[in-house]
Amino acid sequence: MTLWIDTVDSPLGIICIVTSADAVLAIDFDDCRDRMLTLLGARFDVTTFRSKKNPLGVTAQLKTYLEGQLDALNDIPVDPGGTPFQQEVWTALTTIPIGTVTSYGNLAKTLNKPGGSRAVGLANSKNPISIVIPCHRVIGANGQLTGYAGGVDRKRWLLNHEGAELVSSSAHQIALPL
């Protein structure tokens, strides 16, 4: 299988984009490339990577998002793979409005999995399509920034970029409608 790869220079460092002919398969930071390749390797037996500028228009959309048009990522076709539960979590992540956060526990309750915050956190950590599937919008129950594969500083930057009000209380987190 041939996959297309491109990179974007950003305030967060170099971001790698991997697509098939139809959808985004992975977006991750260059210093997380090993993680990205491991996740892709779990899905595809034999893969050839070919450099391609702006595959599916995603590079341009990501740049537009980084420049401040926050809804620029809304229509990107994604194919993250994963288990049915992971897919359920990742779909729920896409319903978190720009500029808001929720906790792992709230996300678990939304998915009808009360007490499943650890499972949600684990699924969140396996998200192969960073930023577009906004796992950065999930924070700890105490309002603290936790658990982001790209690092907490990047998570903070993304949330600030999106205008999220970061508070120390979980009382201001949203409950997701699904």
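Because the structure is a prediction, the values reported are computed rather than measured. Sequence order as written defines residue numbering, which begins from 1 separately in each chain. In keeping with the model being predicted, local features are shown solely for residues with a pLDDT of at least 70 and side-chain atom pairs are shown and tallied solely at 80 or more, while totals for entire chains, interfaces and linings include all residues. Based on all heavy atoms of the structure, the side-chain values leave hydrogens and waters out of the count.

Q: Run through the overall build of the protein, naming residues and quoting values.
A: A run of H or I in DSSP becomes a helix once it reaches four residues, and a run of E becomes a strand once it reaches two; helices and strands are each numbered from the N terminus. Across its full length, the protein holds six helices and six strands. The helix and strand sequence of the protein, counted from the amino end, reads β-β-β-α-β-α-α-β-α-α-β-α. Values of the radius of gyration come from C-alpha atoms, whereas the globule rule sets the reference at 2.2 Å times the count of residues to the power 0.38. In summary, the protein has a C-alpha radius of gyration of 16 Å against a globular reference of 16 Å for 178 residues, a match within 12%. Once the C-alpha set of the protein is aligned to its principal axes, its extents read approximately 45 × 35 × 25 Å. Each residue is placed in one exposure class: buried if its accessible area under a 1.4 Å probe, protein chains only, is under 20% of its type's maximum, exposed if it is over 50%, and partly exposed if it falls in between. Here the protein, with 178 residues, has 45% of them falling under the buried criterion. In what follows, a contact means two residues having at least one pair of non-hydrogen atoms within 4.5 Å. The contacts of the protein with a sequence gap of at least 6 include a subset with a gap of at least 24, amounting to 64%. Computed with a 1.4 Å probe, the accessible areas rest on the Shrake-Rupley method; for each residue, only the protein chains presented here act as cover. Carbon and sulfur atoms make up 50% of the accessible area of the protein, which amounts to about 8600 Å² in all. Averaging the positions of the 15 positive and the 16 negative side-chain charges in the protein gives two centres separated by 5 Å. Only four residue types enter the tally: Lys and Arg on the positive side, Asp and Glu on the negative side, with His and both chain ends excluded. A charge is said to be at NZ when it belongs to Lys, at CZ for Arg, at CG for Asp and at CD for Glu.

Q: I'd love a proper account of the side chain of N127, names of residues and values included.
A: Relative to the helices and strands, N127 is located in the loop between helix 5 (117–125) and strand 6 (138–139). Here N127 falls in the buried class, since its relative accessible area comes to 2%. The residues touching N127, leaving out its near neighbours within four places in the chain, are R35, L39, W90, I133 and C135.

Q: Describe the sheet that holds strand 1 (residues 2–8), and please don't skip the residues or the numbers.
A: At least two bridges found by DSSP between two strands are what make those strands a pair. The strand order across the open sheet formed by four strands is 3-2-1-4, and the pairing between neighbours is mixed. In this open sheet, the two strands that pair with only one neighbour each are strand 3 (24–29) and strand 4 (48–51). Averaged over all adjacent pairs, the angle separating strand axes in this sheet is 25°, with direction ignored. Where strand 1 lies against strand 2 (residues 15–19), five bridges are found, and the strand directions are antiparallel. Of the residues in strand 2, the one forming a bridge with W4 is T19. Orientation is described by axes fitted as lines to C-alpha atoms, over the contacting stretch for helices, and by angles from 0 to 180 degrees between their N-to-C directions. Each of strand 1, strand 2, strand 3 and strand 4 is contacted by helix 1 (residues 33–43), which is oriented at about 160° to strand 3, the strand it contacts most.

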